[in-house]
Amino acid sequence: MKQESCTIVIFGATGNLSRSKLIPALFHLEAAGRLAPGLRIVGTGRRDWDDARYREQALASIRDDRRASDEASLHERFLARLSYVRVDLNRKQDFTALADYLERNRLLAGGIVFYLAISPSFYAGAARNLARNGLSREDSGGWRRLVVEKPFGRDLESARELDRSLHEDFREKQIFRIDHYLGKETVQNIFVFRFANIMLEPLWNRNYIDHVQITHSERQGIGSRGGYFDRVGALRDMVQSHLLQVLTMVAMESPPDLGAESIRDEKVKVLKSVRPLTEDAVDDMTFRAQYAAGESDGQRLPAYIEEPEVPADSNTETFAALRLYIDNWRWQGVPFYLRTGKRLAENSSLVSIAFKKPPAQLFKQTGIDINRPNSLILSIQPLECIRLELQVRENGLEMKARSTHLDASSCALSASGIDAYDSLLLDVMEGDRSLFLRSDEVEQAWKIVDPILQAWAADSDEIPLYRAASWGPKEADRLFHRRGIRWRNTL
Ligand code: BG6
């Protein structure tokens, strides 16, 4: 497919997101032939760098990326697209200098993506300064798109304020709120798997589904991100954004078409149907904890409060679990369990859909256990996989069953080699907003977590702890709506 030429201006070009995700993703698109010949990448940052220094950094990012091709001519072609303009986000005149640079290089006539890979406290100011220099206007012929990374605010009120401020300078159609989880292969596959197969639809509801679990667990601790994470916590960092987005993909109705607004309308409906948590319900339906020290492979793992930039008396949760209900015809009464944690036993992101037990006691006198109901596992990472677990008869003289599974995909480590940022950056360039969040979607997600944030903030009890490298606190089991349910940790 022929790509339209445009310019990508990255704010925060020397930062971590840019180095570890954006540059490798753009390079990957280069290797796939998806960058138009005239496409330019302008990195901006506070550091006093020149083009050569910026290219050096980009080359280092590419070399660190295990997916990247080491073909020198490809490196050369990609690096030639890069230039650097110094922009201190606090200095209005630097934005004017950026506008001059874009004009001098005749880049204003084409489309421009402004990617805010910066601290959220600078979002509103950066958008304002772009607008003041005419860089939000589309009247010169080229489009202007603003990509905003999460978190969009830290609660409902601040999210609304940020939105109001962005809308003073950019129209909704120009704002791309990125949630990289939506770019992941299996998350996109949920949509296709559900709506391109008729056999699932009759089962996909409260009559056949017992409960749904959505898990994102990480082995890593907070490491160098303590300064950011301690102000945010796991609920805002993962649940308000990524996990609620996955929930919408699992629970939404089929949209009338593939248009961005149609898809987002359906997602918003799901979020609006999530039963609001009252203050009393918070204790019953949520659980938070923080990792204590632990051990892995004979090595001591530090407690959260021992991590750099984390205060010794921090009450911030590194683990959060919730039970939610979606009050609509399809899902009434089906619990959705959402769970995330840092420093858990394994890296694993998956959706586990547990079906109900078959009704008959047909096999009562046999070795066949109907207490192992079917599950459908949508594994997001590390393995990408859709797996249906079933019971079949074991060959032999006895009446026995064994569990088996059908895999609807290769169940491999990123079989396509595509990272979420590759496809999302391409979508921005193509103006496809289906996998980006609309402002009402963000607002609804905050409405769900706001009561929890408030109740947790008002709770002066010491936060429960769990051992690093474990599967989290046992007490989180109290969220289950009945006995006999277990967390599904891995594929
Ligand atoms: C980010 C969170 O948005 O998503 C991180 O801020 C988290 O804390 C990350 O580790 C998880 O995404 P991925 O793609 O790295 O598994």
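Definitions and limits used
- Residues numbered from 1 in each chain as written.
- Predicted model: local features only at pLDDT ≥ 70, side-chain atom pairs only at ≥ 80, totals over all residues.
- Heavy atoms only, no water.
- Helix = DSSP H or I, 4+ residues; strand = E, 2+ residues; numbered from the N terminus.
- Rg over C-alpha atoms; globule rule 2.2 N^0.38 Å.
- Buried < 20%, exposed > 50% of the residue type's maximum accessible area, 1.4 Å probe, protein only.
- Areas by Shrake-Rupley, 256 points an atom, 1.4 Å probe, with all protein chains shown as cover.
- Lys, Arg positive; Asp, Glu negative; His and termini not counted.
- Charge placed at Lys NZ, Arg CZ, Asp CG, Glu CD.
- Near = heavy atom within 4 Å.
- Polar contact = N/O pair within 3.5 Å; in protein donor to acceptor, adjacent residues only side chain to side chain.
- Pairing = 2+ DSSP bridges.
- Contact = heavy atoms within 4.5 Å.
- Phe/Tyr/Trp six-rings, centres within 6.5 Å; stacked < 30°, edge-to-face > 60°.
- Disulfide = S-S within 2.5 Å.
- Axes fitted to C-alpha atoms, helices over the stretch in contact; angles between N-to-C directions.
- Parallel < 35°, antiparallel > 145°, perpendicular 65-115°, else oblique.
- Nonpolar A, V, L, I, M, F, W, Y, C, P; charged D, E, K, R; others polar.

Peer 1: Describe the overall build of the chain, listing the residues and the values that go with them.
Peer 2: Across its full length, the chain holds 12 helices and 19 strands. Against the globule reference of 23 Å for 491 residues, the chain gives a C-alpha radius of gyration of 24 Å, in line with a compact fold. For the chain, the proportion of its 491 residues judged to be buried stands at 55%. A total accessible area of about 22700 Å² is found for the chain, and carbon and sulfur atoms account for 49% of it. Measuring between centres, the 68 positive side-chain charges of the chain sit 2 Å from its 70 negative side-chain charges.

Peer 1: Help me get a handle on the site of the ligand, residues and values and all.
Peer 2: Every residue near the ligand is listed here: Lys150, His180, Lys184, His216, Glu218, Arg225, Asp237, Met238, His242, Lys342 and Gln381. Between an oxygen atom of the ligand and a side-chain N or O atom of lysine 184, the distance comes to 2.5 Å. Within the side chain of lysine 342, an N or O atom sits 2.7 Å from an oxygen atom of the ligand. About the coverage of the ligand: the protein hides 78% of its 400 Å² of free accessible area. Of all the elements, helix H8 (residues 226-251) adds the most residues to the shell around the ligand, at three residues.

Peer 1: Before we move on, can you summarise the sheet that holds strand S4 (residues 111-116) with the specific residues and values?
Peer 2: As summarised here, the arrangement of the seven strands in space is S3-S2-S1-S4-S5-S6-S18, forming an open sheet in which the pairing is mixed. Only two strands of the sheet have a single neighbouring strand rather than two, namely strand S3 (82-86) and strand S18 (436-437). Pairing of strand S2 (residues 40-45) with S3 involves five bridges; the strand directions are parallel. Across the sheet, valine 42 pairs through a bridge with serine 83, a residue of S3.

Peer 1: Please provide a residue-by-residue account of the pairing of strand S15 (residues 383-393), values included.
Peer 2: Sheet analysis places strand S14 (residues 375-381) next to S15, joined by five bridges and oriented antiparallel. Across the sheet, the residue bridging to serine 379 is cysteine 385, located in S15. Between S14 and S15, which pair antiparallel and follow one another directly, the connecting turn spans one residue. Looking at chain direction, S15 and strand S17 (residues 412-413) are connected through two bridges and run antiparallel. From the neighbouring strand, glutamate 384 faces S17, where its bridge partner is alanine 412.

Peer 1: Give a description of the environment of threonine 366 that names residues and reports values.
Peer 2: One can find threonine 366 in the loop between strand S13 (348-355) and S14. Linking threonine 366 and alanine 401, residues 35 residues apart in sequence, is a C-alpha distance of 9.2 Å.

Peer 1: Outline helix H5 (residues 123-132), supporting the account with residue identities and numerical values.
Peer 2: All of the buried residues along H5 are Tyr123, Ala126, Ala127, Asn129, Leu130 and Ala131. Taken together, the buried residues of H5 touch strand S1 (6-11), helix H4 (92-104), S4, strand S5 (144-149) and helix H6 (156-169). In the segment just after H5, glycine 134 is the residue with positive phi, at about 75°.

Peer 1: Pulling in residues and values, what's your account of the environment of leucine 89?
Peer 2: Position of leucine 89 relative to the elements: it lies in the loop between S3 and H4. Remark: the alpha-carbon pair of leucine 89 and arginine 467, spanning 378 residues in sequence, is separated by 41 Å. Dropping the residues within four chain positions of it, leucine 89 is found in contact with Phe11, Phe95, Ile118, Phe122, Ala126 and Asn129.

Peer 1: So what's going on with the packing of aromatic side chains? Which residues, and what values?
Peer 2: Here the structure, examined in full by the defined rule, presents 15 aromatic pairs. Between phenylalanine 480 and tryptophan 487 the ring centres are 4.6 Å apart and the planes differ by 50°, which places this aromatic pair in the tilted class. Its relative accessible area of 10% is what places phenylalanine 480 among the buried residues. Its relative accessible area of 14% is what places tryptophan 487 among the buried residues. Connected via pairs of aromatic rings, a cluster forms that spans Phe229, Tyr291, Tyr304, Phe319 and Tyr466.

Peer 1: Now, about the side chain of serine 61: what can you tell me, with residues and values included?
Peer 2: Positionally, serine 61 belongs in helix H2 (residues 51-64). Among all residues touching serine 61, those that are not within four sequence positions of it are Arg19, Ile23 and Pro24.

Peer 1: Got a sec to walk through the state of the cysteines? Specific residues and values, please.
Peer 2: Applying the stated criterion to the full structure yields one disulfide. Disulfide pairing is shown between cysteine 385 and cysteine 411; the S-S distance is 1.8 Å. On the criterion of sequence distance, the pair formed by cysteine 385 in strand S15 and cysteine 411 in the loop between strand S16 (401-407) and S17 is long-range, its members being 26 residues apart. Looking at cysteine 385, the relative accessible area reads 1%, which means it is buried.

Peer 1: How would you summarise the packing of H8 against helix H9 (residues 260-273) if you had to cite specific residues and measurements?
Peer 2: At their nearest, the axes of H8 and H9 sit 9 Å apart, and the two run at 105° to each other. Put simply, H8 runs roughly perpendicular to H9. Residues Leu244, Gln245, Leu247, Thr248 and Ala251 of H8 pack against Lys267, Val270 and Leu271 of H9. Residue classes in the contact of H8 with H9 are distributed as five nonpolar, two polar and one charged.

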